[in-house]
Amino acid sequence: MKALDPENFNRHIEERAKSVIKDYKLIEPGEKVAVGLSGGKDSVLTCYLLSKFREDFDFDLVAVSVDEGISGYRSNGITAARKNAAALDVELVEVSFKDEFGLRLDDISSLYRSSCIPCGVFRRYLLNKTACSLSADKLATGHNLDDEIQSFLMSFARADFRRFTKFGPKLDKIHPRLIPRIKPLWKIPERDVGIWAVLNNVDVHFAECPYSYKSLRAKMKDHLNRLEGKRPGTKLAILESFNKTFKFDKPTPEIGECERCGEPSSLRVCKACEMLEDIKARDDILK
Ligand code: SF4
Ligand SMILES: [Zn+2]
């Protein structure tokens, strides 16, 4: 097998991310972008690309790490996040579930079928709140092509059609304090992200989260990888099918403020507050 030329491979990755940023107008000149930096390969590549593009596209960059409180896992990711942010000269802001919600994910994992449920709700909440407090205009995440297809198929399998409006490389601004998310790796397969990290000897945290095996996402990921192995190109074909099939005007949901915490929410009480109340009622962790 022919060895990969790191220079060509890197250029290819950069061009794909750049074309998504340009074609979908992910970033406007003068904006401030907050990038979620967990220390995993996807977030490190996103941070690397954005730090490289910041002069060309004329924007400011800051990174945010969220410590969910997962023993034996997250602290290694945070170490990698600190090293990469320092190497790229990007300010890193660190926040945690413990400081914000008074709990660690480990404390509440037994209360849920999958720990990813509370983890996702609290992390999205905290990333948005932190990005907003940093006056960011956009919140960049490390979602790659595989993540996007998995999310699409998971929503499809659950008949959760409202979630279809969340797909695509950029979300619209629907509330002054709901920072629109952008996904610069939208067209980059997960495999290529891993190759990039190995080829360039980047210090990333490769370990899998100890809770990930229970999630529907993990099962979908295995299934898609098997399909892709048998029929290369399947993943890209699914993304193309989604793009061509679901060209609808995105309805603008009514977004107000949570009556408990004041953060943007389409519900009277936001998901994070509802979950915290539920946890308090079921457990003595927060009492
Ligand atoms: S795999 Fe699930 S529990 Fe682990 S960090 Fe991701 S969302 Fe959280
Ligand atoms: Zn709330």
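Refer to the structure presented above.
If you're wondering where the values come from, they're calculated on a predicted model, not measured in any experiment.

1. Looking at the nonpolar core
Core analysis: the largest hydrophobic core is formed by 58 residues, its most contacted members being Val33, Val35 and Cys47. Ranked by residue count, the leading element in this core is helix 6 (residues 116-133), at 7 residues. Setting aside residues no more than four positions away along its own chain, Cys47 makes contact with Val35, Leu37, Ala63, Asn84, Ala85, Leu88 and Val90.

2. Notes on helix 1 (residues 6-23)
Taking 1.5 Å of rise per residue, the 18 residues of helix 1 would be expected to cover 26 Å, and the 26 Å separating its terminal C-alpha atoms lies within 8% of that figure. If you check which residues of helix 1 are buried, you get Ile13, Ala17 and Ile21. Relative to the axis of helix 1, the buried residues are bounded by an arc of 75° and lie together on one face. Projecting away from the buried face of helix 1 at angles above 90 degrees are the exposed residues Glu7, Asn8, Arg11, Glu15, Ser19, Lys22 and Asp23. Residues of helix 1 that are buried make contact with helix 2 (41-57) and helix 8 (190-199). Just downstream of helix 1, Lys25 is the residue with a positive phi angle, here 50°.

3. A look at the sheet that holds strand 3 (residues 91-96)
Strand order in this open sheet of 5 strands is 3-2-1-4-5, and the pairing throughout is parallel. Whereas interior strands pair on both sides, the edge strands pair on one side only; in this sheet they are strand 3 and strand 5 (181-182). Direction of pairing for strand 1 (residues 32-36) relative to strand 4 (residues 138-140): parallel, over a ladder of 3 bridges. Within the sheet, the bridge partner assigned to Val33 lies in strand 4 and is Lys138. Lying on the sheet, helix 2 is in contact with strand 1, strand 2 (60-67) and strand 4; it crosses strand 1 at an angle near 160°. Strands strand 2 and strand 3 of the sheet are contacted by helix 3 (residues 74-88), whose axis makes an angle of about 165° with strand 2.

4. Examining the packing of helix 2 against helix 3
Relative to each other, helix 2 and helix 3 sit at 10°, their axes nearing to 10 Å. By the angle between their directions, the pair helix 2 and helix 3 is classed as roughly parallel. Touching Val44, Cys47, Tyr48 and Ser51 of helix 2 are Ala80, Asn84, Ala85 and Leu88, all from helix 3. Broken down by class, the residue content of the contact of helix 2 with helix 3 amounts to 6 nonpolar, 2 polar and no charged.

5. What about the pairing of strand 1?
Most of strand 1 is tucked away, with 4 of its 5 residues classed as buried. Relative to strand 2, strand 1 runs parallel, the two being bridged by 5 bridges. In the strand pairing of strand 2, Gly36 is matched with Val64.

6. A look at unusual backbone geometry
Excluding glycine, a negative phi dihedral is what most residues carry, and trans is how most peptide bonds are arranged. Of note in the backbone geometry, Lys25 takes a positive phi value of approximately 50° without being a glycine. Position of Lys25 among the secondary structure elements: in the loop between helix 1 and strand 1. By C-beta crowding, Lys25 is classed as exposed, having 10 other C-beta atoms within 10 Å. Positioned with a positive phi, Ser135 is a non-glycine residue whose angle comes to about 60°. Mapped onto the elements, Ser135 comes out in the loop between helix 6 and strand 4. Classification of Ser135 by C-beta neighbours within 10 Å gives exposed; the count is 11.

What counts and what doesn't
Residues numbered from 1 in each chain as written. Chains lettered and ligands numbered in written order. Predicted model: local features only at pLDDT ≥ 70, side-chain atom pairs only at ≥ 80, totals over all residues. Core = buried A, V, L, I, M, F, W, Y, C linked by C-beta atoms within 7 Å. Buried ≥ 20, exposed ≤ 12 C-beta atoms within 10 Å, placed from the backbone. Helix = DSSP H or I, 4+ residues; strand = E, 2+ residues; numbered from the N terminus. Contact = placed C-beta atoms within 7 Å. Expected span 1.5 Å × (residues − 1). Arc of directions from axis to C-beta. Pairing = 2+ DSSP bridges. Axes fitted to C-alpha atoms, helices over the stretch in contact; angles between N-to-C directions. Parallel < 35°, antiparallel > 145°, perpendicular 65-115°, else oblique. Nonpolar A, V, L, I, M, F, W, Y, C, P; charged D, E, K, R; others polar.

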